[in-house]
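Chain by chain, the residues run as shown.
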Amino acid sequence: MHQLIRRVRSWSGHGLRTFAGQVFLLQAIVVLILVAAAVAALLLQSRADAEREARNRSLAVASAVAASPSVRQALSSANPTAVLQPQAEETRRRSAVDFVVVMSTTGIRYTHPNAAQIGRHYIGSIAAAQHGGIVTETTAGTLGPSVRTVVPVTTDNGKVIGLVAAGITVNRVSVAADRQVPLVLAATGVVLSAATAGTALISRRLRRQTHGLGPEQMTRMYEHHDAVLHSVREGVLIVDSQGRLLLANDEARRLLRLSADGDDQPLTDLGLEPKAERLLMSGRPTTDEVIEVGDRVLAVSQRTMVQQPGPGGWVATLRDTTELSALMGRVEVVQERLKLLYDAGIRIGTTLDVTHTAQELAEFAVPRFADYVTVDLADAVLRGEEPNQLDATGLRRVALHGIRKDAPLYSPGELIHFDTSTPQASGFGSGQMVLEADLAAFSGWQAQEPDRARKLVAHGIHSMIAAPLRARGVILGVATFWRSKEPTPFAQEDLSVAEELVARAAVSIDNARRFTREHTTAITLQRSLLPHALPEQSAVDVAHRYLPAEAGLGGVGGDWFDVIPLPGARVAIVVGDVVGHGLHAAATMGQLRTAIHNFSALDLPPDELLWHLDELVTRIDQDRDDDSETPSLTGATCLYAIYDPVSGLCTMARAGHLEPIIVRPDGHADLPGVPAGPPLGLGGLPYEKTEMPLPEGSAIVLYTDGLVESRQRDIDEGIERLRRTVAHAGRTPDQMCRAAMDTMLPVAPRDDVALIVASTRLLDGNRTASWDVPSDPSAVAGVRAAATRFLADWGMEEEAFTLELILSELVTNAIRYATGPIRVRLIRDRSLICEVSDGSSVSPHLRRATTMDEGGRGLFLVAQFADRWGTRYTSGGKVIWTEQQLSATL
């Protein structure tokens, strides 16, 4: 053993500077760390075991004392201390704990090793023990950490009558473990010595094995050296700290054009390119730094040599990346073109407008692909129609954009008749791309206008591509790309880019064309279904506005309005809205408008008319249930109002529509409170009507939600804003419409807007006459005479004979078949209106009497002499009315 130690000492004196010595030192350090960690772990484990033992012992002692019957008996005595103090001290000595304390449930000590502490409160936690639990805690005292446990003393029925605490210091338990420390340290020394000796022997053997290399290893090293010099296809240079070339392989000599005798010479004497010489002389670390050497592109990586001992310096490697750089250049071009096409898909076709989409194509391609771009489309495309493929000469310029504004190109809006030899006409006719790489050669493209062609060349435009806009097999027009500032002319590879650009734009233009066609069709249909001119009537003075939604925003909707003359000089004012846009909404609007006209001919009150209209919509929806592609009509709204200029009474009902606004003659405007019924098509729910007298000159404002609803405001705010706008006295209906449109619609609406304003009139007493008729056949003559007098007063003697016949038949029928009261009313309006009312709800029927019939010809005669006649039911019976056309309007 002593001999081994001497060898280790002799070896360590000069061997620590070698690799084997460093390995020995490292292994010794690792052994020391492992031994120290083991000792520390043993001590920590010992401490933990000591604390656990202290907890167990304190718990056992406290539990044993608490379970003693004598302790329970003593706690119930008058002086527990006299009995418990000797027992507690005896238990403390035998169990080798620091204290045993018996206390009351409130923590008053009955026992303590120090008699002076008896009667005082216990210091510690006892809350859990007071409720039957066990408290174990570790505290830090003057003698070190200690463990104490509090156990409850309970009766047989579980009642807590006292507490017992036992405590012991951890050091008292850990003395046994401390006695093992010298033994552990001794064992550690032995292990450390053995490990050190083993490490020394391993290191000595390693030094002997690496002392020299054999012939085989030398041959292998030479082969590796030769491969680096002659076979590796990457240049290698080794330069010393003085900047002298130590080694250069064949690849490095080829790339840098070095001579064979350049070894051991300064780099500055080798004739390198200046940039390469500066980089190699700097010795700075770098990775794949690109430099140009002649016509080659080299990637240089350089690192310093830091191994000691050694001469110092750095190593550089060279890679020929000439072909890779060319390939990367082509890849970058492809990436740029892909990004160009990707951006085109995002920025072209943002709206459904043909002209705007063409302008987006022109603005996007300049200057990223061309210096000037023109887009020419067939006129049919602008109208939403498909172009005539056979007519390739007439195209209209819809977009022009370039780097300058003074280029001698056709201006937007011009209709250009291209010569058949031009690239534009050729491309439109054949659908093929046409490239003119050299415009200055004037190879035929100038045939359109030779003077303009010479100006284009003089302006610097040197090449162009004519690309037809094809979508879904239809050629819509031609986009022409021109270059002037960019010196490189268009080439064959640019045709694919131009083709992709116009393909994306063509689809967007075709979508816009189709939308334009549908929008135009919907507008045409809608306008054909709306009233072209409001009928003449004397009840109200009407003004209206209708504005369809802008194309691309919402499209044509189903808003409508109407003014329908009714018997008795009355008038019906209607406004409605069909949910949705497009052809279906417009067609649905036409259905509802026609239905309202038919129901109005029955002269129904507003609530009954809406009920019948709701039933009709429900039946139509039921018929459409099998056709899933056709949306239902549910969601249509309507407001129907009837105004009587004789009584000044206005009756309204609404089906899900917005409430109208009533503007009084003094300018006060309010909502009349018309009950809100459900939208049309829900079925089964009644509608309520509202009747209100309106002074002459009052205005009834009816509108659709497109006027008051927008993204910037709530619909209630819009209604209030409209109410304030129309709340002015003295305005005509047209002035009110103009003010409402200017205030409520500063921009193009996203929904249809319908607005109608009706100013009420009254027919004064000079134009009406009414009187009661007794239920007596003899009263018919008096009725004829009274009617003749009124007509004479009105200057209408020519209509007297016809009116007498009509009144005779109507009054006679009322007296004969109906019940009273019977009343006659004459109204002088645009026609002469005669009304006979009675208390019966039975309507007379027109029939043709046979030769032998004694009666049945009365209504037949009335129908022959009157221009129009009919029956209107009231709450008290019915009214039979006739109209006679006047020779002149009075």
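Not measured: the values here are computed from a predicted model. (Residues numbered from 1 in each chain as written. Predicted model: local features only at pLDDT ≥ 70, side-chain atom pairs only at ≥ 80, totals over all residues. Heavy atoms only, no water.)

> I'm lost on the sheet that holds strand 31 (residues 877-885) in this one. Help?
Sheet strands pair by backbone hydrogen bonding; their relative direction is either parallel or antiparallel. The strand order across the open sheet built from 5 strands is 27-28-29-31-30, with neighbouring strands paired in antiparallel fashion. Of all the strands in the sheet, the pair left with one neighbour each is strand 27 (768-773) and strand 30 (868-874). Across this sheet, the average inter-strand angle for adjacent strands is 15°, counted without regard to direction. Strands strand 27, strand 28 (822-828) and strand 29 (831-838) of the sheet are contacted by helix 22 (residues 779-794), whose axis makes an angle of about 170° with strand 27. (Pairing = 2+ DSSP bridges. Helix = DSSP H or I, 4+ residues; strand = E, 2+ residues; numbered from the N terminus. Axes fitted to C-alpha atoms, helices over the stretch in contact; angles between N-to-C directions. Contact = heavy atoms within 4.5 Å.)

> Teacher, can you tell me more about the sheet that holds strand 26 (residues 753-760) here?
Pairing is antiparallel across the open sheet formed by 5 strands, whose spatial order is 16-26-25-21-22. Each of the sheet's edge strands pairs with one partner strand only, and the pair in question is strand 16 (540-547) and strand 22 (669-670). Of the strand pairs in this sheet, strand 21 (residues 661-663) and strand 25 (residues 699-703) are connected by 3 bridges, and their pairing is antiparallel. Paired with isoleucine 661 across the strands is valine 701, a residue of strand 25. Where helix 20 (residues 715-726) meets the sheet, it contacts strand 21, strand 22 and strand 25, and its direction lies at approximately 15° from that of strand 21. Sheet contacts for helix 21 (residues 733-744): strand 16, strand 21, strand 25 and strand 26; angle to strand 16, the most-contacted strand, approximately 25°.

> Help me out: how do you make sense of the packing of aromatic side chains in this one?
Each pair of aromatic rings is reported with the distance of its centres and the angle of its planes. One pass over the structure, following the stated rule, counts 5 aromatic pairs. Geometrically, the ring pair formed by phenylalanine 369 and phenylalanine 481 is edge-to-face, given 5.4 Å between the ring centres and 85° between the ring planes. Of this pair, phenylalanine 369 sits in the loop between helix 12 (354-365) and strand 10 (372-377) while phenylalanine 481 sits in strand 15 (residues 474-483), and the two are 112 residues apart along the sequence. Looking at phenylalanine 481, the relative accessible area reads 0%, which means it is buried. Between phenylalanine 442 and tryptophan 445, the ring centres sit 5.8 Å apart and the planes meet at 10°, which makes this aromatic pair stacked. (Phe/Tyr/Trp six-rings, centres within 6.5 Å; stacked < 30°, edge-to-face > 60°. Buried < 20%, exposed > 50% of the residue type's maximum accessible area, 1.4 Å probe, protein only.)

> Help me understand the nonpolar core in this model?
In summary, soluble globular proteins display a tendency toward joint burial of nonpolar side chains. Residues Phe369, Val375, Leu377, Leu469 and Phe481 are the most contacted members of the largest nonpolar core, which totals 46 residues. Looking at this core, the elements that each hand over two or more residues are helix 12, strand 10, strand 11 (394-402), helix 14 (423-430), strand 14 (463-471), strand 15 and helix 16 (492-529). Among the elements that make up this core, the one with the highest residue count is helix 16 (9 residues). Setting aside chain neighbours within four positions, we find leucine 469 in contact with Leu361, Val375, Leu377, Val474, Ile475, Leu476, Gly477, Val478, Ala479, Val502, Ala506 and Ile509. In terms of nonpolar packing, the next biggest core, distinct from the first, is built from 30 residues, Val780, Val783, Leu803 and Ala814 among them. (Core = buried A, V, L, I, M, F, W, Y, C linked by side-chain atoms within 4.5 Å.)

> Help me out: how do you make sense of the pairing of strand 26 in this one?
Looking down a regular strand, the side chains alternate between one sheet face and the other. For strand 26, the tally of buried residues reaches 8 of 8 residues, placing the bulk of the element in the interior. Of the two faces of strand 26, the one carrying Val753, Leu755, Val757 and Ser759 and the one carrying Ala754, Ile756, Ala758 and Thr760 are both buried. Pairing analysis gives 8 bridges linking strand 16 to strand 26, with the strands arranged antiparallel. Residue valine 540 lies in a different strand from strand 26, and its bridge partner there is threonine 760. Strand direction decides the pairing type here: strand 25 and strand 26, joined by 5 bridges, are antiparallel. Looking at strand 26, one finds that alanine 699 is bridged to serine 759.

> Any chance you could explain helix 10 (residues 274-282) here in plain terms?
Working note: α-helix, 3.6 residues per turn, so residues spaced by three or four point in the same direction. Within the span of helix 10, buried status applies to Ala276, Leu279 and Leu280. For helix 10, the arc enclosing every buried residue in end-on projection is 95°, short of the 170-degree limit, so these residues lie on one face. With its phi angle positive at about 70°, glycine 283 sits one or two positions after the end of helix 10. (Arc of directions from axis to C-beta.)

> I'm lost on unusual backbone geometry in this one. Help?
Among all residues except glycine, the phi angle is most often negative; among peptide bonds, the trans geometry is most common. The omega angle of the peptide bond from valine 366 to proline 367 is 0°, so this bond is cis rather than trans. Assignment of secondary structure puts proline 367 in the loop between helix 12 and strand 10. Despite not being glycine, phenylalanine 442 shows a phi value in the positive range, around 50°. Judged by its relative accessible area of 31%, phenylalanine 442 falls in the partly exposed class. Its identity is not glycine, yet aspartate 603 carries a phi of approximately 55°, on the positive side. Structurally, aspartate 603 can be placed in the loop between helix 17 (583-601) and helix 18 (606-623). Overall, aspartate 603 belongs to the buried group, its relative accessible area being 7%.

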